Amino acid sequence: MENSKQKIVLTGFMGVGKSSVARHLAYLLGCQQIDLDDFIVNQERQEIAQILQSVGERRFRQIETENLRKLLQANDAPILSLGGGTWTIAENRRLIKTYNFTSIWLESSFEHCWQNIKFSKKERPLAKNKTAARFLFAEREKIYCLADWHFIVRPGFTSFDTAKLIAEEVFCKI
Ligand code: S3P
């Protein structure tokens, strides 16, 4: 695949920094990026937390898959940041592959993600407390592992540092 045609999705646990890495990466590469959660909020005219609370996780996952499909089909942006649960759904992984997107797992420690979740303005009903979040984290690691590339977000690393690393290694730029 030519680097200029490279298309990627960023996955990883809540709070790892997918959206901000995606923004920095788009800036470094001079291309568009779209955040799946933002896209859903726009389409559904409701915040993610409200959707989850009103229709439940099962229906939310269907809405998420429908919107992921729309985004992949539209091919408007080569960089997509997913929600933390998107990649855990087999149908979503299949779609991502079908549309020739390369998957990148932003890996970090649970504590690092939890600190970001705790201090973030974003409401995350599936990580209401540390025990629930830790359980999800442990359950999902083996699925995130299926991504094509893994990048470890080390303590002290900024989102910009991670984006630079991805630009160098995956896109061979900078
Ligand atoms: C979720 C992660 C959230 C959001 C929703 C569900 C999850 O996105 O999609 O609350 O299941 O991990 P972030 O990973 O951007 O927080």
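Here is what the cut-offs are and how they apply
Residues numbered from 1 in each chain as written. Predicted model: local features only at pLDDT ≥ 70, side-chain atom pairs only at ≥ 80, totals over all residues. Heavy atoms only, no water. Pairing = 2+ DSSP bridges. Helix = DSSP H or I, 4+ residues; strand = E, 2+ residues; numbered from the N terminus. Axes fitted to C-alpha atoms, helices over the stretch in contact; angles between N-to-C directions. Phe/Tyr/Trp six-rings, centres within 6.5 Å; stacked < 30°, edge-to-face > 60°. Buried < 20%, exposed > 50% of the residue type's maximum accessible area, 1.4 Å probe, protein only. Salt bridge = Lys/Arg side-chain N within 4 Å of Asp/Glu carboxyl O. Near = heavy atom within 4 Å. Polar contact = N/O pair within 3.5 Å; in protein donor to acceptor, adjacent residues only side chain to side chain. Nonpolar A, V, L, I, M, F, W, Y, C, P; charged D, E, K, R; others polar.

Draft legend 1. Highlighting the sheet that holds strand S2 (residues 33-35). Read from one edge of the open sheet, five strands run S2-S3-S1-S4-S5, paired in parallel fashion. If you trace the sheet from one side to the other, it starts and ends with S2 and strand S5 (149-152), each paired once. Strand after strand, the sheet turns through a mean of 20° between neighbouring axes, direction not considered. Where S2 and strand S3 (residues 79-81) come together, three bridges link them in parallel fashion. Residue pairing for S3: Ile 34 is matched across the bridge by Leu 80.

Draft legend 2. Fine view of the packing of aromatic side chains. By the definition in use, this model includes five aromatic pairs. Ring centres of Phe 13 and Phe 137 lie 5.1 Å apart, and the angle between their planes is 80°; this geometry places the pair in the edge-to-face category. In this pair, Phe 13 is assigned in the loop between strand S1 (8-11) and helix H1 (18-29) and Phe 137 in helix H6 (residues 130-144), connecting sequence segments 124 residues apart. Taking the relative accessible area as the measure of exposure, Phe 137 reaches 11% and is therefore buried. Measuring from centroid to centroid gives 5.5 Å for Phe 110 and Phe 137, while their planes differ by 70°, and the two rings are edge-to-face. Remark: Phe 137 occurs in helix H6 and Phe 110 occurs in helix H5 (residues 110-119); sequence separation between them is 27 residues. Taken together, the ring pairs in this structure connect Phe 13, Phe 110, Trp 114 and Phe 137 into an aromatic cluster.

Draft legend 3. How the structure looks around the pattern of salt bridges. Evaluation of the coordinates by the stated rule reveals eight salt bridges. Across the pair Arg 61 and Glu 57 runs a salt bridge, and its minimum N-O distance is 3.0 Å. Here the residue Arg 61 and the residue Glu 57 both occupy positions in helix H3 (residues 48-74), the gap between them amounting to four residues, near one helical turn. Exposure remark for Arg 61: the relative accessible area of 11% places this residue in the buried category.

Draft legend 4. Spotlight on the site of the ligand. Surrounding the ligand, one finds 14 residues, the nearest of these being Lys 18, Arg 61, Gly 84, Arg 124 and Arg 140. Gly 84 has a polar backbone atom sitting 2.8 Å from an oxygen atom of the ligand. Contact between the ligand and Arg 140: an oxygen atom at 2.7 Å from a side-chain N or O atom of the residue. If one sorts the elements of the shell around the ligand by residue count, H3 sits on top with four residues. In terms of residue class, the shell around the ligand is built from five nonpolar, three polar and six charged.

Draft legend 5. How the structure looks around the pairing of S1. Of the two faces of S1, the one holding Ile 8 and Leu 10 and the one holding Val 9 and Thr 11 are both buried throughout. Pairing between S1 and S3: three bridges, direction parallel. Paired with Val 9 across the strands is Leu 80, a residue of S3. As paired elements, S1 and strand S4 (residues 102-107) share four bridges and run parallel to each other. Residue pairing across strands places Val 9 opposite Ser 103, the latter belonging to S4.

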